[in-house]
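# Commentary on secondary and tertiary structure
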Amino acid sequence: MNPLQAIGRVFLKFLATTGRLLTFMASGISHAVRPPFYPRIILRQMIDIGYYSLPVVGLTAVFAGMVLALQSYTGFSRFSAEGAIANVVVLSITRELGPVLAGLMVAGRIGASLAAEIGTMRVTEQIDALTTLSTNPMKYLVAPRLVAGIAMFPLLVLVADIIGVFGGYLVAVYKLGFNPANYLQNTWDFLTAEDVNSGLVKAAVFGFIVTLMGCYHGYNSKGGAQGVGRATTNAVVSASILILCSDYILTEMFFAK
Amino acid sequence: MNDQSNIQPKIQVRDVAKSFGRKVVLDGIDLDVGVGESVVIIGGSGTGKSVMLKSILGLLTPDRGSIKIDGQEVIGMSTADREDVNHQFGMLFQGAALFDSLPVWENVSFGLLAEKRCDRGEAKEIAIQKLAQVGMNADVADLMPAELSGGMQKRVGLARAIASDPKIIFFDEPTTGLDPIMADVINDLIVKVTREVGATALSITHDMASARKIANRIAMLYEGKIIWQGPVNDIDHSGNEHVDQFIHGRAEGPIQMSIRA
């Protein structure tokens, strides 16, 4: 085959997929802002995404904070800059590690379960059944999950921030022998509202990405059990990659001067 | 065949075609279903029965042709108008397609709740009443669909299909995957509830016992076309080799099994 032809085919396929995804996204958003709303489903999704992700996110955050304190100590003690540890920990957690690690962990948890659930509904004709029962599946299935994702991710990340900083505090005070009052004072002095806010905005975007990818891949899955498996994998992989890409873009927007 | 030239059919399908890629699935289908009639479409796997049903339901858009419900063209209709037309539909899916996150009663009254025809309290009462119509007692109302056997799920699916008193009920392979006794129970229920609701019925199946039981009229789909249709009593002397091969289930004959879906 002509190599140009092959490149062209891949490029066209990429454009078609992007188009489908954007159409799906636009439809999901437009259904999320127009009635009827499904408060019961939104609430259930919020509990699923927010409350049940707390253990995963909390554990990730506490260890991230602890490792961060330990590693920056090894580095900074070489040129007697141990005092900056509190600063490094709190900025890294609130700006980057909180949103990104929580986002990736929840992408695994929620992205996969959404794709599997909606994908199974697709292959067992439950989505067709919704349509025949006067219910728009985009409105009933997709919109509530997008809303719940956007609403709950910032709250999760807020919790992750607090637990992450606490993890750093534990290591600094109990292992490295810092004065607790000084460490907390340092943490507080360095922290600005912008650090936390930028992290929360990132979280909302990541929440949107994770739920969108889960719903999109589930909704378009075909071919039985194997198709659902593929949808699950694609949802997690694409959500993770998009989180890292959009993290860079958002950081650039917030902090590039 | 009934003379329906001066009566408007409930469903009128004209020259409907649908292809997926290079594969032609429907190749100019014409079909009329009269008011209160029960038409069964028979045909082998992969002959486009499901595609045809989904086109009428609006789950798929045909490439060309016209589909009229009560004389009203539904192809190219706006989504909102289409939803209004779909209000008068009920559908029993092949695998029942119950929502496994909802208890049985909420499955049955899902359409009523979606159309806000009643509150949740009333909906449960109606659901129990509909379940009784398909021979299930009130105890199952609070079970989850996964706790039911395949035949029971089909019954719940049937109760859901008739819950909003539809004018047209579609049955997609209603007996597939059931043992012969349960299949017959479902066939009897289909005949009974369709009559009770006074609905028009369009079914697809490859189970001849089922087709003979529920049909007034049978149409056979082969290679994307309706090759024969007539009253159910004529099926044994249709004079069509394809039909004969199909109803007797012979491997030898003019019908070649297609390999690809």
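As a starting point, this report considers the structure included with it. (Residues numbered from 1 in each chain as written. Chains lettered and ligands numbered in written order. Predicted model: local features only at pLDDT ≥ 70, side-chain atom pairs only at ≥ 80, totals over all residues.)

## Considerations on the overall build of chain A
What counts here: For helices the rule is a DSSP run of H or I covering at least 4 residues; for strands it is a run of E covering at least 2, with both sets numbered from the N terminus onward. To sort residues by exposure, count the other C-beta atoms lying within 10 Å of each residue's C-beta; 20 or more gives buried, 12 or fewer gives exposed, and values between give partly exposed, all with C-beta atoms placed from the backbone.
For chain A, the count of helices and strands is nine helices and zero strands. Listing each helix as α and each strand as β along chain A from the N terminus yields α-α-α-α-α-α-α-α-α. Dimensions along the principal axes, computed over C-alpha positions, put chain A at roughly 65 × 55 × 35 Å. Taken across its 257 residues, chain A has 44% of its residues classed as buried.

## A closer look at the overall build of chain B
Note the threshold: Contact definition: two residues whose C-beta atoms, as placed from backbone geometry, lie within 7 Å.
When helices and strands are tallied, chain B shows nine helices and ten strands. Counting every position in chain B, which comprises 261 residues, the buried fraction comes to 43%. Sequence separation of at least 24 residues holds for 65% of the intrachain contacts in chain B that already meet a minimum separation of 6.

## Quick look at the pairing of strand 10 (residues 225–231) of chain B
All names here are of chain B. In plain terms, the rule: In this analysis, strands are considered paired if DSSP registers two or more bridges between them.
Sheet analysis places strand 9 (residues 217–222) next to strand 10, joined by six bridges and oriented antiparallel. Note that in strand 10 the partner of Ala219 across the bridge is Gln229. Connecting strand 9 to the antiparallel partner strand 10 that follows it, the hairpin turn spans two residues, and Glu223 within it adopts a positive phi of roughly 50°.

## Digging into helix 9 (residues 224–255) of chain A
Just so we agree on the cut-off: Take the number of residues in a helix, subtract one, and multiply by 1.5 Å to get its expected span.
For helix 9 of chain A, spanning 32 residues, the distance from its first C-alpha to its last is 46 Å, which sits close to the expected 46 Å at 1.5 Å a residue. Next to the buried residues of helix 9 of chain A lie helix 4 (85–123) and helix 8 (193–219) of chain A.

## As for the interface of chain A and chain B
To keep it simple, the criterion reads: Polar here means any residue outside two lists: the nonpolar Ala, Val, Leu, Ile, Met, Phe, Trp, Tyr, Cys and Pro, and the charged Asp, Glu, Lys and Arg; Gly therefore counts as polar.
Counting residues at the interface gives ten residues for chain A, matched by 15 residues for chain B. Residues belonging to the side of chain A that touches chain B are distributed by class as follows: two nonpolar, six polar and two charged.

## Quick notes on the environment of Ala129 of chain A
Mapped onto the elements, Ala129 of chain A comes out in helix 5 (residues 126–132). What makes Ala129 of chain A buried here is the crowd of 27 C-beta atoms within 10 Å. Contact partners of Ala129 of chain A, with chain neighbours within four places excluded, come to Phe93 and Ala97 of chain B.

## Looking at the pairing of strand 2 (residues 23–33) of chain B
Residue and element names in this part refer to chain B. Judged from the eight bridges that link them, strand 1 (residues 11–20) and strand 2 form a sheet pairing that is antiparallel. In the sheet register, Lys18 faces strand 2, and the bridge partner there is Leu26. Here strand 1 hands over to strand 2 after two residues, with Gly21 in that stretch at a positive phi of 60°.

## So, the sheet that holds strand 5 (residues 72–73) of chain B
Whenever strands of a sheet pair, they do so through backbone hydrogen bonds, lying parallel or antiparallel. All names here are of chain B. Where we set the bar: Axis angles are defined between N-to-C directions and span 0 to 180 degrees, where every axis is a line fitted to C-alpha atoms and, for a helix, only to the segment in contact.
An order of 2-1-4-5 is seen for the four strands of this open sheet, with the pairing classed as antiparallel. Either end of the sheet is taken by a strand with one partner, and the two such strands are strand 2 and strand 5. As paired strands, strand 4 (residues 64–69) and strand 5 are joined by two bridges and run antiparallel to one another. Across the sheet, the residue bridging to Ile69 is Gln72, located in strand 5. Here helix 1 (residues 49–57) sits on the sheet and contacts strand 1, strand 2 and strand 4; the angle it forms with strand 1, its principal contact strand, is near 120°.

## Here we look at the packing of helix 4 of chain A against helix 8 of chain A
All names here are of chain A. Using the following cut-off: Here is the rule for angles: anything less than 35 degrees is roughly parallel, anything more than 145 is roughly antiparallel, 65 through 115 is roughly perpendicular, and the remaining ranges are oblique. Crossings are classed by handedness, with left-handed meaning an anticlockwise turn of the near helix from the far one by less than a right angle and right-handed meaning a clockwise turn.
In the contact formed by helix 4 and helix 8, the axes pass within 7 Å of each other and the chain directions differ by 15°. As judged from the angle between their axes, helix 4 and helix 8 are roughly parallel. Handedness of the helix 4/helix 8 crossing: right-handed. For the contact of helix 4 with helix 8, a count of residues per class yields 16 nonpolar, eleven polar and five charged.

## Description of the sheet that holds strand 7 (residues 168–172) of chain B
Residues and elements named next belong to chain B. Reading across the sheet, the six strands line up as 6-7-8-3-9-10 and stay open at both edges, with mixed pairing between neighbours. For this open sheet the edge positions go to strand 6 (89–92) and strand 10, each flanked by a neighbour on one side alone. Shown here is a sheet whose adjacent strand axes are inclined to one another by a mean of 15°, direction ignored. Running over the sheet, helix 1 touches strand 3 (38–42), strand 6, strand 7, strand 8 (200–205) and strand 9 and is turned about 155° from strand 7.

## Looking at the nonpolar core
Put simply, the rule reads: We define a nonpolar core as a collection of buried residues of the types Ala, Val, Leu, Ile, Met, Phe, Trp, Tyr and Cys that are connected via C-beta atoms lying within 7 Å of each other.
Leu156 and Ile209 of chain A together with Leu131, Phe170 and Met220 of chain B are the most contacted members of the largest nonpolar core, which has 137 residues in total. Sorting elements by how many residues they give to this core places helix 6 (residues 137–175) of chain A first, with 18 residues. The residues touching Ile209 of chain A, leaving out its near neighbours within four places in the chain, are Ala239, Leu242, Ile243 and Ser246 of chain A.

## Here's the deal with unusual backbone geometry
With an omega dihedral of -5°, the bond running from Pro35 of chain A to Pro36 of chain A counts as a cis peptide bond. Within the fold, Pro36 of chain A resides in the loop between helix 1 (3–33) and helix 2 (39–49). Phi is positive for Asp70 of chain B, which is not a glycine, with a value near 55°. Structurally, Asp70 of chain B is set in the loop between strand 4 and strand 5. Here Ala96 of chain B, not a glycine, exhibits a phi torsion of approximately 70°, which is positive. Checked against the element boundaries, Ala96 of chain B lands in the loop between strand 6 and helix 3 (104–108). Given 26 C-beta atoms within 10 Å, Ala96 of chain B falls into the buried group.

The quantities given are spatial measurements derived from coordinates; they are silent on function.
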